[in-house]
There are 2 protein chains.
Amino acid sequence: MAPVQECLISAPGKCILHGEHAVVHGKVALAVSLNLRTYLRLQVTSTAEVSISLPNIDTFLSWDVSVLKPLLSHCKGECRSSTELDTELVRKLREFTAIADGSTDTRSMAVLAFLYTYLCVFAHSEVLPSLKVCVWSELPTGAGLGSSAAYSVCVSAALLTARGTISSPLTQSQETARWSEQELELINNWAFQGEKIIHGNPSGVDNAVGTWGGFLRYHAGKITPLSRVPTLRILLTNTKVPRSTKLLVSRVKDRINQYPSVMAPVLESVDAVSQICECTLAEMATEGASAKHYSTLEDLIDINQHHLNVMGVGHTSLNTLCQVTLTHGLHSKLTGAGGGGCAITLLTPETDESVVRDVMEELKQVGFDCWETSIGAPGVLMHSPTSLTHNVLDILTKY
Amino acid sequence: MAPVQECLISAPGKCILHGEHAVVHGKVALAVSLNLRTYLRLQVTSTAEVSISLPNIDTFLSWDVSVLKPLLSHCKGECRSSTELDTELVRKLREFTAIADGSTDTRSMAVLAFLYTYLCVFAHSEVLPSLKVCVWSELPTGAGLGSSAAYSVCVSAALLTARGTISSPLTQSQETARWSEQELELINNWAFQGEKIIHGNPSGVDNAVGTWGGFLRYHAGKITPLSRVPTLRILLTNTKVPRSTKLLVSRVKDRINQYPSVMAPVLESVDAVSQICECTLAEMATEGASAKHYSTLEDLIDINQHHLNVMGVGHTSLNTLCQVTLTHGLHSKLTGAGGGGCAITLLTPETDESVVRDVMEELKQVGFDCWETSIGAPGVLMHSPTSLTHNVLDILTKY
C-alpha cells in the first residue's frame, strides 16, 4: 500500500459500564468506548527529524533520524513482532532518552511508546522517515479512562498507515473511515505493545476498546466485542478525588476474605447485572431502544453502584454525585476503580437539554469536571480535516 | 397467687436489626427490643368502674363494670383461651363501643384490645374488678416500632398480675423484676390476642420482643430468642416520611420478579449478614465486646443498607440520614419497611457524647425525630415507683 504524506486519526477512551472489580474475581465486565477522543495528526516532512508534540502534557521533542537508526542494531534483520515486546529495544530507548529504569511518569512513558513503535514499524525501511506527529486528547490522564491506550492506538494506526503497512481507508467524499478487521488487528497488536511499555502488565482491554470501540465483554482474560450495540448518551464526571487502583483492588479482596458468605453472592449479583445489561443492549440495537430499555439500564446502574459500595470502593464524592444527578432524575455509578475517580450518568432520549445543563453546572460547582459525551461510539477512525472541530484542528496544526 | 392493688409495668418497642423484607422471602430476620418503652400503671379501685387513660392519643374512657359483664354471656362458663381469639367477643365489643367493623384507627383498636383482655382475664372472677389503668409510651405510633405490641404486653401483664393468674415478682428491695418463663409465655399469648385485634394478622414477633426483650431470630414463621446478647447503644431516628408497608413489600416482590438473577443473590447476602450478626452478638455477650466486634456490626449495617436500596426500599430521607451520621463516623440503616420511616444508628463505647449531641441536633434540624436509646434491653418489667423517671411517674399518676 502507498504510504501517506499526512493523516488525521482519533481513538476513543474507555470506561467500564459494569463489572469493575468483579472481573478480578472471575466475573464478566462490560468495557465500553468513551467518546472523549484522542486526536493525532501525522505529517511526513523533509527535515530528517522525528518530532512529537503532546500539548496536553507540555511535551515537545524531536530527534535526528540519524541518531535513532543505530538503536535498531541489535535487530539483525529479523522482523519486528507486533505481538511480543522487544525488551532489549525498550532498554536501549530508556538509555537513549535518559529515562530511569523504574520511572513511569506520563511524559516519559508516552515518549518511550512512541519511539518504540516508530522504530519497530519502520525497522525494515531503507531510511527512517522524517515525521511530525502531534497528539491531543479530550481525556484526562490517570483517571482510568484509557487515555494511554487511546494514545497508543492513534500512534500505532498513524505509523502503520504512514509506513503503508495498512491502507489509508479515507476516500475523498468521506468524513471518517475505518480500517478492515485484519488491519484493526494489527493496529491493536502494536497498541498493546505500547500499553505494555506504559503500564507493564495491561489486560489488553483498553487498547481493544480504543481500536474496536462499542462494547466489549471481558471475562477470564478473554475479550469479545459485542456484535450489535447502541450508542448511549452519558455524562462523564471526574470527581478528581485521587485513588490507587491497586489499593482499591486489595480492599475488595480483603472484604471478600472477611465476609465470604456476604460477598460471594454480591459478585454473583454483579455478574447477573452485566449479563442483563448485555442482553438489553442487544435488544436496543436490534429492536430499537424503548423507554423500558432505558429504565432497565437505570435500574442496573443503581443496583451496581450499591454493590460497589458494598465492596468498599464507594466514596462520599460519589455519593454526592449520585445524589445531585438523582435529584434531576438521572442515574449514576462509578466507573473503574472507584474510591473517587470517575462516574457515568446515563442520559435518555427523554432527558431535556436544560436538565443536562443544570446537572453539569451543579457538578462543576461541587468541584468536579464533567463532560457530555457518549459510550459505544466507534473505535479508531481516520478523519478528513472537515470532520474535526475547529478547536481540535487548531491545536493539531498549531504545534 | 394474691391479686395486687397496684402495679407499674413497662415493655419495650421493637425494631429489625437485619433481615427486613428478606424475611418475607424465606430468609432470617433479627428482631430486637428497642428501649423506648411503654409504661402502664394499674390501680384497683372501689368505683365499680373500669377506666383507661391513654394520654399519648388523648383517649380517656371509663365503663361501669355492670354493663361490661353481660358481654361475656356467650361464654357459657367455658374457659377463655389465651391462644385463640374469641371473635364473637370482639364482634360484641365492636358493637358495644360503637366501633365500625372495618375501623382500625389507633384509639379504637387500643380500647378494643384492652376491654377484650380485661373481660377474658376476669371472665371467671366472681365480680369484674374496678380498675384504673393508665398507659403512656415513649414510642411513636404507626412507625413500625411495635408500639401496639408493647401496649398489648403491658395490658396483658398488668391484668394477669391484678387477677393473680401470674405472680407479682417485685420484692421490696428491687427496682425492677421479671416474671418466670412460664408466666412470660402467658403474658405473650394474651398480648398476641391483643395484637390480632389491632393488626388482624400479626406475625407474633412484636409481642415476643415486647415480652422477652433482647434479640429474636425470626425465620419461616419460627421465633427463637437468642440466649446471650449484649445491649447496644443506638440512635433511633424517625424520618417521619409516611410509607405503606404493604406497598413496599410488593415493590420488593416486583423487583425480585423483574431481576431474579440479580435479586436472589442479594437476599442470600442479607441472610449471611443476619447470620454473621447473630454470631458477632453471641461473641460480644460471651467474650466481651471489642472494637473489632463493633467494626463488624458497622460493616454489616452499611452492607445491609445498600442491599435494602437495591431492593428498592431506600429513600432520599434515609440517604440524608446515613450521610449526616457517617460525617460523624456513625453507621446507619433503615429498620422495618423503609421508604422513609425509621432508621437505627449504632453508637459504640468510643462514641463521644458530644458527637451524639451534634448528630442528634443535625438530624432534628433536617426535620427528623431522634432518640438516644438502646437495643437488646429486657422485655416486660415490673417496676418500683423509684425506678421510673419523674416524668413518666408524673404522667402515669396525673391521669
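**Considerations on the overall build of chain A**
Point 1. Within chain A, the secondary structure is distributed over 12 helices and 13 strands.
Point 2. Here the C-alpha radius of gyration of chain A, 21 Å, is about what a compact globule of 399 residues would show, namely 21 Å.
Point 3. Taking the principal axes of the C-alpha coordinates as reference, chain A spans close to 60 × 50 × 40 Å.
Point 4. Within chain A, buried positions represent 58% of all 399 residues.
Point 5. Summarising the internal contacts of chain A: among those between residues at least 6 apart in sequence, 75% fall at separations of at least 24.
Point 6. Entry remark: accessible area of chain A is about 15900 Å², with carbon and sulfur atoms responsible for 51%.

**Examining the interface of chain B and chain A**
As a measure of interface size, the accessible area lost when the parts come together is often cited.
Point 1. With 24 residues of chain B at the contact, the number on the chain A side is 24 residues.
Point 2. Contact with chain A buries surface across chain B, with Tyr259(B), Val262(B) and His306(B) losing the most and accounting together for 25% of the total.
Point 3. Connecting chain B to chain A are 2 salt bridges.
Point 4. Of the charged contacts, one joins Asp299(A) and Arg255(B) as a salt bridge, the two residues approaching to 3.2 Å between their closest N and O atoms.

**Some remarks on helix H5 (residues 181-199) of chain A**
Residues and elements named next belong to chain A.
Point 1. Compared with an ideal rise of 1.5 Å per residue, which puts 19 residues at 27 Å, H5 spans 26 Å between its outermost C-alpha atoms and is within 8% of the ideal.
Point 2. Turning to H5, its buried residues number three or more, namely Glu-183, Leu-184, Ile-187, Asn-188, Trp-190, Ala-191, Gln-193, Gly-194, Glu-195, Ile-197 and Ile-198.
Point 3. Close packing links the buried residues of H5 with helix H2 (87-96), helix H3 (106-121), helix H4 (147-163) and helix H6 (205-212).
Point 4. At the exit of H5 stands Gly-200, carrying a positive phi of roughly 85°.

**Details of the side chain of Thr335(A)**
All names here are of chain A.
Point 1. On the secondary structure map, Thr-335 appears in strand S10 (residues 331-335).
Point 2. The class of Thr-335 is buried, set by a relative accessible area of 5%.
Point 3. At a separation of 2.7 Å, a polar atom in the side chain of Thr-335 contacts the main-chain carbonyl oxygen of Ile-16.
Point 4. If sequence neighbours within four positions are ignored, Thr-335 has contacts with Cys-15, Ile-16, Glu-20, Leu-236, Cys-342, Ala-343 and Ile-344.

Procedures and definitions
- Residues numbered from 1 in each chain as written.
- Chains lettered and ligands numbered in written order.
- Predicted model: local features only at pLDDT ≥ 70, side-chain atom pairs only at ≥ 80, totals over all residues.
- Heavy atoms only, no water.
- Helix = DSSP H or I, 4+ residues; strand = E, 2+ residues; numbered from the N terminus.
- Rg over C-alpha atoms; globule rule 2.2 N^0.38 Å.
- Buried < 20%, exposed > 50% of the residue type's maximum accessible area, 1.4 Å probe, protein only.
- Contact = heavy atoms within 4.5 Å.
- Areas by Shrake-Rupley, 256 points an atom, 1.4 Å probe, with all protein chains shown as cover.
- Buried area = accessible area lost by both parts, 1.4 Å probe.
- Salt bridge = Lys/Arg side-chain N within 4 Å of Asp/Glu carboxyl O.
- Expected span 1.5 Å × (residues − 1).
- Polar contact = N/O pair within 3.5 Å; in protein donor to acceptor, adjacent residues only side chain to side chain.

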